[in-house]
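Now for the letters of each chain:
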Amino acid sequence: MGKNIGFVSTRFAGTDGVSLEAAKWAQMLWDHRHVSYWFAGVLDRHPEVSFLVPEAFFDHEENQWINRRVFGVQKRTPYITGRIHALREYLKIKLYEFIAQYRIDILIVQNAVTIPMHIPLGLAITELAAESGIPTVAHHHDFYWERTRFSVNAIQDYLQMAFPPKLPNIQHVVINSIAQEALALRTGISSIVIPNVLDFENEPPVDWEFTKGFRLELGFGEDDILFLQPTRVVQRKGIEHAIDLVHALGDPRVKLIISHAAGDEGLDYYQWLRDYAADHAVDMRLISHHVSDKRGWNEDGSKRYSLWDVYPHCDFVTYPSTYEGFGNAFLEAIYFRKPLLVNRYDVFVRDIEPQGFDVVVMDGYVSDRVVREVREILHSPERRQRMVEHNYAVATRHYSYSVLRRRLAFLISNFFGIEI
């Protein structure tokens, strides 16, 4: 008999990694008639299965007020503590209402007791789990110790209590083996690894009719070679290495396009990248004003593309990140059969590279070998075809929906005694 699954986070909307992976989990659970319901501060799920609590969003004004006063300092006032607990109590009440309204059997908490973007919500989830004993899966994407901005704080007591909590009714899931080891070492908590996945059993959906004018509308010629950087403009994405690569290739047809805007983390970095690209005579363009979570039309009649509309029209993907929790853009490039450059970040080296992918790899800088390999791929259709077909086959074995389906079945049946 199907169970009611309650997904909980600060946001389930758009194309961030947490929202995307949660949707995949819900799809796999629905295949076994388990119905998913959603609790968050921002939601784009169907209203009939949604429980919207604006105060649960990490960017809510009350939560931002708290964060400004507990990070970058080492002590807090009783007044700040009171504000934290007032919001915690309110959110806990709302969580109980969510569970009662939808008769939730299992909670799946997505990153809300992992990275302390919303301290009161993490505390509320932890207290609810301890009080109710409800079976809970904590799916972790980014731990606080992986982000330097959380290293100085006035809430170490809360971090040890709830990020993540160690309770007998909570089973923990991480997305890579490095996080699994760190979690065990720091907290004594055991976990299982469930990597991010894509639907490699089915070809990617491409709307060629809608996107046929993509290059012309964005000002590119048919002979231009588009290098796609499918990330936000954040320093850890290492976008300067993509600029170095394009500069070293020395081909004026090569254009570097960046899919997503800078946001709060990357405004200074973006300005520096613009200057760096200009100094290296690289045509770099930010196309975020043409890219949205979903395809559609702008008020002026121009098209608004999704990221998945962009992939089919690019020729090469750059992914020179210095750090990633897993690497969704890596899988997306493989899914759309695009050759790519990857910096050997830790999780790639530990978990992904041993699977045998055929990609251009760099070790912190763009070497002559890297440039030669990329030039060969651009000039040899046969080499490019062998590369992308091999990678698609490898990803199908290791990062497909069938992998997620098997691991979720193991998780739910072994920990909670529910067969799926």
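Our structure's up above, just so we're on the same page.
The rules behind these values
- Residues numbered from 1 in each chain as written.
- Predicted model: local features only at pLDDT ≥ 70, side-chain atom pairs only at ≥ 80, totals over all residues.
- Heavy atoms only, no water.
- Core = buried A, V, L, I, M, F, W, Y, C linked by side-chain atoms within 4.5 Å.
- Buried < 20%, exposed > 50% of the residue type's maximum accessible area, 1.4 Å probe, protein only.
- Contact = heavy atoms within 4.5 Å.
- Helix = DSSP H or I, 4+ residues; strand = E, 2+ residues; numbered from the N terminus.
- Axes fitted to C-alpha atoms, helices over the stretch in contact; angles between N-to-C directions.
- Parallel < 35°, antiparallel > 145°, perpendicular 65-115°, else oblique.
- Nonpolar A, V, L, I, M, F, W, Y, C, P; charged D, E, K, R; others polar.
- Phe/Tyr/Trp six-rings, centres within 6.5 Å; stacked < 30°, edge-to-face > 60°.

S.K.: Mind showing me how you'd approach the nonpolar core here?
M.R.: The tendency in soluble globular proteins is for nonpolar side chains to be buried as a group. Among the nonpolar cores identified, the biggest contains 71 residues, and Phe200, Phe227, Val233, Leu245, Phe330, Phe357 and Val359 are the most heavily contacted of them. Discounting residues that sit within four places of it in the chain, Phe330 has contacts with Tyr319, Leu340, Val342, Phe348, Ile352, Phe357 and Val359. Membership of the second largest hydrophobic core comes to 47 residues, among which are Phe71, Ile84, Ala138 and Leu183.

S.K.: Any chance you could explain unusual backbone geometry here in plain terms?
M.R.: Between Phe163 and the following residue, Pro164, the backbone shows a cis peptide bond with an omega angle of 0 degrees. Within the fold, Pro164 resides in the loop between α5 (156–162) and β8 (170–174). Positive phi values are uncommon outside glycine, yet Ala281 reaches one of about 55 degrees. Relative to the elements of secondary structure, Ala281 occurs in the loop between α10 (267–279) and β12 (284–286). Take Ala281: its relative accessible area is 73%, and that puts it in the exposed class. Positive phi is not limited to glycine here, since Arg337 has a value of about 55 degrees. With respect to the element layout, Arg337 can be found in the loop between α12 (328–335) and β17 (340–343).

S.K.: How do you make sense of the packing of helix α1 (residues 17–30) against helix α16 (residues 401–416) when you look at a structure like this?
M.R.: Relative placement of two packed helices is described by the angle separating their axes and the distance separating the axes. Their axes nearest at 10 Å, the elements α1 and α16 cross at an angle of 70 degrees. It follows from the interaxial angle that α1 and α16 lie roughly perpendicular. In this structure, α1 contributes Lys24, Trp25, Gln27, Met28 and Leu29 to the contact, and α16 contributes Tyr401, Leu404, Arg405, Leu408 and Leu411. The class makeup of the residues in the contact of α1 with α16 is seven nonpolar, one polar and two charged.

S.K.: Explain the packing of aromatic side chains here, please?
M.R.: Aromatic ring pairs are reported here in terms of the distance separating the ring centres and the angle at which the planes meet. Under the defined criterion, the tally for this structure stands at 32 aromatic pairs. Both rings, one in Phe12 and one in Trp38, keep their centres 4.8 Å apart while their planes meet at 75 degrees; by these two values the pair is edge-to-face. Taken as a pair, Phe12 in strand β2 (residues 11–12) and Trp38 in strand β3 (residues 35–40) lie far apart in primary sequence, 26 residues in all. Both residues of the pair, Phe12 and Trp38, count as buried. With a centroid separation of 5.2 Å and 80 degrees between ring planes, the pair formed by Phe214 and Tyr305 is classed as edge-to-face. With a gap of 91 residues between them, Phe214 in helix α8 (residues 214–217) and Tyr305 in strand β15 (residues 303–306) connect regions that are remote in the sequence. The burial state of Phe214 is the same as that of Tyr305; both residues are buried.

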